[in-house]
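Given next are the chains, with one letter for each unit.
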Amino acid sequence: MLSVISYPVFLSSVVAALVLSISLFPVGWFEFRPEWLGLVVFYWTFRAPAQFGILLAWCLGLLLDVLEATPLGVNALAMGLLAFLVLTVHQRLRMYPMPQQCLMVFLLLGINQMLVHFLKQMLGADDAGFSYLWPALTSALVWPVFCVLLDNINRKLG
C-alpha cells in the first residue's frame, strides 16, 4: 500500500490509459493490445484500496464505453467487477512476488475480458474464438514495467 497518493499521477495515468485504449494500432496487432484501463484500475485498486474502489472503476468503465462507442454499461460492469475482485485479494496480492502478481493480473483481466465478450455476444456481436484473451496475456506481460513505473512516479511526486 502506498503511503502517499499523488492524485495528479492518478489522473494522468487514467487519461493516458484512455488515450491508449482508443489509439490506433496496426490491424494485425489490434487484438494483442493490452487492456490499459484495466491495468490502471488494477494498479490503483491494488495500491490504494481505501481511495480507489468499485464506484470509481465503474465510472471509468462507463467513460471507456462512451469512448469506444460500445453499449453503455458493458465496460462499466466489467471494470466494477475487476475492482471488486482486486479488493477481495489485494492483501494477499501484496505479498506475492512479481511472477505471481502477473498471473493474478492475467486471471483477473481474463475474467474481465470474458465478461465483456459474453455481454457483447448477448448484445449481438459476431466474434468467435478465444482471441479476446490476448489482451489479458499482454497486460500480464506489461504488468511488471507498468507497476514499477507508476510506483516510481508516485513516490517522486507524492
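The protein appears in an unreviewed UniProt entry as Rod shape-determining protein MreD from Marinobacter qingdaonensis. In the Function (unreviewed entry) part of its UniProt record, the protein is described as follows: "Involved in formation of the rod shape of the cell. May also contribute to regulation of formation of penicillin-binding proteins."

We now examine the UniProt feature "transmembrane region" (unreviewed entry) in the protein. UniProt's feature table lists "transmembrane region" (unreviewed entry) at residues 6-29, 41-64, 70-90, 102-119 and 131-150, given in the numbering used throughout. The annotated region residues 70-90 carries 81% helix and 0% strand content, and the separation between its end C-alpha atoms amounts to 29 Å.

Contact pair helix α2 (residues 36-47) / helix α5 (residues 98-122): the axes reach a minimum separation of 11 Å and the direction vectors enclose 125°. Regarding the angle of α2 to α5, the classification is oblique. Handedness of the α2/α5 crossing: right-handed. Between α2, through Gly38, Leu39, Phe42 and Phe46, and α5, the contact on the second element is made entirely by Gln101, Met104, Val105, Leu108 and Leu109.

Next up on the list: the nonpolar core. Ranked by size, the top nonpolar core spans 38 residues in total, and within it Phe42, Trp44, Leu82, Leu108, Trp143 and Phe146 carry the most contacts. Elements supplying a minimum of two residues to this core: α1 (7-22), α2, α3 (54-68), α4 (74-93), α5 and α6 (134-157). The greatest single-element share of this core, amounting to 9 residues, is contributed by α2. Residues in contact with Leu108, not counting those within four places in the same chain, are Phe42, Leu82, Leu85, Val86 and Val89.

The rules we used
Residues numbered from 1 in each chain as written. Predicted model: local features only at pLDDT ≥ 70, side-chain atom pairs only at ≥ 80, totals over all residues. Heavy atoms only, no water. UniProt positions renumbered as here; feature names shortened; annotations may be inferred. Helix = DSSP H or I, 4+ residues; strand = E, 2+ residues; numbered from the N terminus. Axes fitted to C-alpha atoms, helices over the stretch in contact; angles between N-to-C directions. Parallel < 35°, antiparallel > 145°, perpendicular 65-115°, else oblique. Left-handed = near helix turned anticlockwise from the far one by under 90°. Contact = heavy atoms within 4.5 Å. Core = buried A, V, L, I, M, F, W, Y, C linked by side-chain atoms within 4.5 Å. Buried < 20%, exposed > 50% of the residue type's maximum accessible area, 1.4 Å probe, protein only.

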